[in-house]
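Structural characterization, general
Spelled out from the first residue to the last, the chains are:
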Amino acid sequence: MKRLVLVWIMPLLMVGTVSATGFNVVQPDKSTINFVSKQMGVPVEGRFRKFAVQISFDPSKPEAGKAQIEIDLASIDAGSSDANSEVKGKAWFNIGEFPGARFVSGGIKSLGNGRYEATGKMTIKGKTRDIVAPFSAKRGNGNLLIDGAIPILRLRYGIGEGAWSDTGVVADEVQLRFHFTLAASPAAKK
Amino acid sequence: MNGPPAYTRLAIVLHWLVALAIVCAFPLGMYMHELPLSPNKLKLYSYHKWIGISALLLIGLRLAWRLGHRPPALLPGMPRWQEIAAHATHHSLYLLLLAVPLSGWLMSSALGFSVVWFGVLPLPDLIDKNEQLGELLKEVHEALNFTMLALILIHAAAAIKHHFFDGDGTLARMLPFLKQEPNR
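Here we summarise the structure given alongside this text. (Residues numbered from 1 in each chain as written. Chains lettered and ligands numbered in written order. Predicted model: local features only at pLDDT ≥ 70, side-chain atom pairs only at ≥ 80, totals over all residues.)

**Quick look at the overall build of chain A**
Each helix and strand in chain A was counted, giving three helices and eleven strands. Here chain A holds 190 residues, and the buried ones make up 27% of them. (Helix = DSSP H or I, 4+ residues; strand = E, 2+ residues; numbered from the N terminus. Buried ≥ 20, exposed ≤ 12 C-beta atoms within 10 Å, placed from the backbone.)

And the structure:
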């Protein structure tokens, strides 16, 4: 009997999801923030395990979209245990004083073809810089999948100071790659 | 029964280039792995890997040469045990010359630090990142290196013994300029 009800309800639910246009429920277990740095020309992958993301985005009204991303820098995995302890120190993130990095969007615009561009302010190590974050948004399983990469110039934020500022060893540009899975907003679902 | 009298010029050049690579990379490896993380350490690791991969390439050429050429025969009049020891050492060294850089490459892949040869040519990772396996391969790389060091010492000691104590032409086969000297 229960199954029968479900069979009846499922199509309704699915219609409800598909017709939803706004997305703002971030699925943390299906979202990642990775980065790739270059050390002596060698691309080295890393990631942040803990971050808090608030995004509301409607692909049909990108201008109304908003994003705020807070990264817990202590959750960094920079590729090795040596590197993990090093980058928490003063020359790098100095997480004793600056435990988090934050991005707050200013505006979002469409570039066409499912591509968008968010401009906003990135704050790392107490320094706030304007950045542009191109991303794509596509639907999958009723969710919205957001993927993008931001080239971060680490020296603009004083990440890796002193001897580490030698970009011949660690390149200035670090690619920050994000993947967020957003479920439809409850308001749009009903 | 007799092979050619001496190694060819190419074989001699390759032998000494590999020797030079080992003389550079071995102490560098010993020194660098103790260092705390610093830009200097990252540089030295890269140099070590570049030398190691270059050596691997040279060793590949040497083995190709060896497969296509018969090495000169050992000098007559050597005791049988010395002949056996010489062949065993040479064959083990060929094996280790391959195994040492390969274990380093495997270890780099497993630890998630690929090799980009001279900072320009990215080499493929031989295995996926796996930190535990990487730590194991570090031990393997070290053990293979010390085994190689022991064999190189035996190899060099034998060459020196042949030259200075036996006064025969064994070493001159790899160092042709020694041949010009009158026989002692």
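**As for the overall build of chain B**
Scanning chain B for helices and strands turns up four helices and two strands. In sequence order, chain B lays out its α and β elements as α-α-α-β-β-α. Looking at chain B as a whole, 21% of its 184 residues qualify as buried. Contacts spanning at least 24 positions in sequence make up 66% of the contacts within chain B whose residues lie at least 6 apart. (Contact = placed C-beta atoms within 7 Å.)

**Considering the nonpolar core**
Ranked by size, the top nonpolar core spans 37 residues in total, and within it A:I71 and A:L182 carry the most contacts. Among the elements that take part in this core, strand β11 (residues 173-184) of chain A stands out by supplying five residues, more than any other. Ranked by size, the runner-up nonpolar core spans 16 residues in total, among them A:M40, A:W164, B:V116 and B:L137. (Core = buried A, V, L, I, M, F, W, Y, C linked by C-beta atoms within 7 Å.)

**Overview of helix α2 (residues 39-68) of chain B**
Between its first and last C-alpha, α2(B) extends 44 Å over 30 residues, near the 44 Å set by a 1.5 Å rise per residue. Along α2(B), the positions that sit buried rather than exposed are B:L42, B:Y45, B:S46, B:K49, B:I51, B:G52, B:I53, B:A55, B:I59 and B:R62. Close packing links the buried residues of α2(B) with β2 (32-39) of chain A together with α1 (9-32), α3 (80-110) and β1 (116-117) of chain B. (Expected span 1.5 Å × (residues − 1).)

**Some details on the interface of chain B and chain A**
At the interface, 13 residues of chain B touch 15 residues of chain A. For the side of chain B that touches chain A, the element with the most residues is α2(B), which contributes four residues. Here the residues of the side of chain B that touches chain A are counted per class, giving seven nonpolar, five polar and one charged. (Nonpolar A, V, L, I, M, F, W, Y, C, P; charged D, E, K, R; others polar.)

**A short note on the environment of B:N145**
All names here are of chain B. By the secondary structure assignment, N145 is in helix α4 (residues 131-165). N145 gets classed as buried once you count the C-beta atoms within 10 Å, which come to 20. In this structure, N145 is in contact with F26 and V100, ignoring residues within four places of it in sequence.

**Regarding α3(B)**
Residues and elements named next belong to chain B. Under the 1.5 Å per step criterion, the end-to-end length of α3 is 44 Å for 31 residues, consistent within 8% with the ideal 45 Å. Considering only its buried residues, α3 is in contact with α1, α2 and α4. Trailing α3 by a residue or two, G112 shows a phi angle of about 85 degrees, which is positive.

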